[in-house]
Amino acid sequence: MVEIGTVTLFREKSVVHKFTELSDDASDDDAPVLELRSNRVTIPVKTKMSTVMVVVRGQNIPSTMRMTSVVVDEIRRDANVLRDAVDFDWDSQWRRKIAKYEADNNPNNWISVHVAGEQAYASREDQTTDEQKAIAEVELLADGEEVTEAIVMEAASNVLGALEDLVVEHDSQTAFVFTPFPAYHRAAILERRDRKAGSFAVAVYHPTPQKPVRLSHFISFCADMTETLTHKSFLDRVQEMVADKTIDTSSITPAFVQATRNRRRDLMESIGDFEKVNKVVYRPERPSFM
């Protein structure tokens with residue numbers, strides 16, 4: 001039997017500049033030689049022998065959370081996946097989690113899974129880009145722990161072959177913290193929309209100790225909430241552009257707006273279904289999805 005600890009999602013951005021010759025024309029505005037942008041989920045898994053750190057990285061938050069739910073489920077189903085993670089069919093699991101809306105409108109979406117520092121799966125077919133190699137190197141060095149500028153520097157040096165002429169800027173922000181408790185699961189959520197930051201918390205209570213709500217289902221529920229809020233923000237912006245008569249100068253098409261509305265409707269149904277069968281409590285209040 002394994003125990004899943006506190007699951008945390010970070011928004012991360014690492015920018016690496018390389019300066020080979022400093023001159024009067026050199027500036028910090030030079031194009032970076034490497035840029036890593038992703039969402040990073042850390043999952044501590046306590047076994048009888050030790051604690052294994054599992055990491056899921058992804059291009060956007062909802063997809064990263066949905067793949068995290070897959071990883072949590074598979075570990076709970078069979079802890080041997082930690083030992084044979086490379087051989088597991090993560091690809092089919094990942095593809096089942098991609099909604100048609102996502103496949104149609106976000107072809108650059110990607111995910112990767114790392115167990116004890118080793119990359120077990122990456123959805124992108126081309127694993128030879130500096131970005132992909134650097135992400136794998138960062139996780140190997142971090143081994144599930146906090147990513148620092150020093151780790152990014154070492155990873156970039158290993159990938160780019162430079163040792164002394166790199167400058168690294170690394171920023172990490174905690175966006176979600178999932179904490180399992182005996183009576184309930186709780187998520188603390190930091191929102192960042194329209195250049196504003198806010199936060200709220202949501203908890204789901206177990207019907208009985210013998211029949212708890214699966215953590216994976218709760219994470220997927222939070223992924224649906226997050227995506228719905230993203231679509232709400234976009235559709236609100238579209239309404240403002242229509243009112244200002246600036247929508248015609250944008251690249252936003254009526255077909256995309258309608259597809260987004262349909263996707264939000266489907267997500268709202270999923271959220272409503274989860275709330276009907278579970279005791280869900282929001283603090284300070286339930287977000288407005290419409």
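Presented here is an overview of the structure given in this document. This one's a predicted model, so the numbers in the text were calculated from it and none came from an experiment. (Residues numbered from 1 in each chain as written. Predicted model: local features only at pLDDT ≥ 70, side-chain atom pairs only at ≥ 80, totals over all residues. Heavy atoms only, no water.)

**Regarding unusual backbone geometry**
Short version of the rule: Each helix is a run of H or I in the DSSP string that is no shorter than four residues. Each strand is a run of E no shorter than two, and both are numbered from the N terminus. Only protein chains enter the calculation, and the probe is 1.4 Å; a residue is then buried if its accessible area is under 20% of its type maximum, exposed if over 50%, and partly exposed in between.
Here the amide bond leading from R283 into P284 is cis, since omega sits at 0°, within 30 degrees of zero. Along the chain, the position of P284 falls in the segment after β10 (279–283). Even without glycine at this site, A116 takes up a positive phi of about 50°. Residue class for A116 comes out partly exposed when judged on its relative accessible area of 43%. Phi is positive for D143, which is not a glycine, with a value near 50°. Assignment of secondary structure puts D143 in the loop between α4 (130–142) and α5 (149–160). D143 sits in the partly exposed class, given a relative accessible area of 37%.

**Examining the side chain of T42**
Threshold: Contacts are assigned to residue pairs that have any heavy atoms within 4.5 Å of one another.
Take T42: it is sitting in strand β3 (residues 34–46). The buried category is assigned to T42, whose relative accessible area is 9%. Ignoring anything within four residues of it in the chain, the contact list for T42 reads T6, V7, T8, F10, M53, V54, V55 and G144.

**Side note on the pairing of strand β5 (residues 111–115)**
For the record, the criterion: Note on pairing: two strands pair once DSSP finds at least 2 bridges between them.
Counted residue by residue, β5 has five buried out of five residues, so it is predominantly covered. Because side chains alternate across β5, one face comprises the buried residues I111, V113 and V115, and the other comprises S112 and H114, equally buried. Pairing of strand β4 (residues 51–58) with β5 involves five bridges; the strand directions are antiparallel. Across the sheet, G58 pairs through a bridge with I111, a residue of β5. Examined bridge by bridge, β5 and strand β6 (residues 118–122) share four bridges and lie antiparallel to one another.

**Some thoughts on the environment of E285**
Tracing the sequence through the fold places E285 in the segment after β10. Taking C-alpha positions, E285 is 8.8 Å from V202, a pair spaced 83 residues apart along the chain.

**Thoughts on the packing of aromatic side chains**
Note the threshold: Note on aromatic contacts: the rings of Phe and Tyr and the six-membered ring of Trp form a pair at centre separations within 6.5 Å, being stacked when their planes are under 30 degrees apart, edge-to-face when over 60 apart, and tilted otherwise. In this scheme, the term charge over a ring applies when either NZ of a lysine or CZ of an arginine sits within 6 Å of the ring centre and within 35 degrees of the ring normal.
Inspection of the entire model under this criterion finds nine aromatic pairs. With centroids separated by 6.1 Å and ring planes inclined at 90°, the aromatic side chains of F178 and F218 adopt a geometry described as edge-to-face. Within this pair, whereas F178 is found in strand β7 (residues 166–180), its partner F218 is found in helix α6 (residues 215–244), the two being separated by 40 residues in sequence. Across the pair, F218 and F178 agree in class, each one buried. Judged by centre distance (4.2 Å) and plane angle (15°), the ring pair of F221 and F274 falls under stacked. Pair noted here: F221 is in helix α6 and F274 is in helix α7 (residues 254–277), with a separation of 53 residues, a long-range link. Among the residues examined, F221 registers a relative accessible area of 2% and is labelled buried. Ring pairs connect the aromatic residues F176, F178, F218, F221 and F274, which therefore count as one cluster. The ring of W110 is capped by R124, whose NZ or CZ atom sits 4.1 Å from the centre of that ring. Above the plane of the ring of Y205 lies K279, whose end atom (NZ or CZ) is 4.8 Å from the centre.

The quantities given are spatial measurements derived from coordinates; they are silent on function.
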